[in-house]
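Here is what each chain is made of, one letter per residue.
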Amino acid sequence: MLALHVVSLYGLYFSDLLGTLMRYHLGHLAMLTHFVLVGFLFFWVLIGIDPGRRAVAPPILLLLVVRWIRADEREQRRLDRAADRADATGEEDDLARYNAFLRQAAEATERR
């Protein structure tokens, strides 16, 4: 199921088919239906009550969740350290620069 999802995703976005499907409402609905069904089948295999032929073992799934949590915690610690460094040196961090960019964009839009 993962292969079906990945192949259809990259096959669609790296081909001219995306432009054709997005040009027509029915094409857009067909694309959305396809991805919903492929996603449903993918997660049915992972967490479904009635798994298909090959079920993913709970320890492999638990390991995946633990790895996601740890990666998120590492990323948050990295962002916290960057914000602390910015506060200590008086520099703006990425979030402050992004907010300033959005503020400038909003002011430019209001001036039009």
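Anyway, here's the lowdown on the structure attached to this text. Once a new chain begins, its residue numbering starts again from 1 and follows that chain's sequence as written. The predicted origin of the model limits local features to residues at a pLDDT of at least 70 and limits the giving and counting of side-chain atom pairs to 80 or more, whereas totals for whole chains, interfaces and linings rest on all residues. Hydrogens and waters are ignored; side-chain quantities use all the structure's heavy atoms.

Quick look at the pattern of salt bridges
Note the threshold: Criterion for a salt bridge: a side-chain nitrogen of Lys or Arg within 4 Å of a carboxyl oxygen of Asp or Glu. In DSSP terms, a helix is any run of H or I states spanning at least four residues, a strand is any run of E spanning at least two, and both are numbered starting from the N terminus. Burial classification: accessible surface area is computed with a 1.4 Å probe over protein chains only, and a residue below 20% of its type maximum counts as buried, one above 50% as exposed, and the rest as partly exposed.
Following the criterion strictly, the structure yields one salt bridge and no others. In this structure, Arg78 engages Glu75 in a salt bridge whose closest nitrogen and oxygen atoms are separated by 2.7 Å. With Arg78 and Glu75 both in helix H4 (residues 58–89), this residue pair falls three residues apart, about one helical turn. A residue is classified by how much of its surface remains accessible, and Glu75, at 35% relative accessible area, is partly exposed.

A word on a positive patch on the surface
Rule in force here: Nonpolar side chains (Val, Leu, Ile, Met, Phe, Trp, Tyr) within 5 Å and like charges within 9 Å form the patches, drawn only from residues with over 30% relative accessible area and no salt bridge. Residue-level accessible areas treat just the shown protein chains as cover; the underlying method is Shrake-Rupley with a 1.4 Å probe. For the purpose of counting charges, residues Lys and Arg are taken to be positive, whereas Asp and Glu are taken to be negative. His and the chain ends are not included. Charge coordinates come from a single atom per side chain, which is NZ of Lys, CZ of Arg, CG of Asp or CD of Glu.
Residues Arg67, Arg70, Arg74, Arg77, Arg81 and Arg85 make up a contiguous surface patch of positive charge. Counting through the fold element by element, Arg67 comes out in helix H4.

Notes on a nonpolar patch on the surface
On the surface, a nonpolar cluster with roughly 450 Å² of combined accessible area is contributed by Leu2, Val6, Tyr10 and Phe14. Tyr10 sits in the partly exposed class, given a relative accessible area of 48%.

What about the packing of aromatic side chains?
The following threshold applies: Think of it this way: a Phe, Tyr or Trp ring, Trp meaning its six-membered ring, pairs with another when their centres are within 6.5 Å, and the plane angle makes it stacked under 30 degrees, edge-to-face over 60, tilted otherwise.
Tallied over the entire structure, the rule returns three aromatic pairs. Ring centres of Phe42 and Phe43 lie 5.1 Å apart, and the angle between their planes is 75 degrees; on these two criteria the pair is classed as edge-to-face. Looking at Phe42, the relative accessible area reads 21%, which means it is partly exposed.

Some thoughts on the packing of helix H1 (residues 2–13) against helix H3 (residues 25–47)
Spelled out, the test is: With axes taken as lines fitted to C-alpha atoms, and helix axes fitted only over the stretch in contact, angles between N-to-C directions fall between 0 and 180 degrees. Roughly parallel here means an angle under 35 degrees, roughly antiparallel means over 145, roughly perpendicular means 65 to 115, and every remaining angle is called oblique. A clockwise turn of the near helix away from the far one marks a right-handed crossing, whereas an anticlockwise turn of less than a right angle marks a left-handed crossing. Any two residues whose heavy atoms approach within 4.5 Å are treated as being in contact. Each residue gets one of three labels, nonpolar for Ala, Val, Leu, Ile, Met, Phe, Trp, Tyr, Cys and Pro, charged for Asp, Glu, Lys and Arg, and polar for the others, Gly among them.
One way to put it is that H1 packs onto H3 with a least axis distance of 9 Å and a crossing angle of 155 degrees. Our classification of the angle between H1 and H3 gives roughly antiparallel. As H1 packs across H3, the resulting crossing turns out to be left-handed. Mapping the contact onto sequence places Leu2, Leu4, His5, Ser8, Leu9, Leu12 and Tyr13 in H1 and Met31, His34, Phe35, Val38 and Phe42 in H3. Split by residue class, the contact of H1 with H3 holds nine nonpolar, three polar and no charged.

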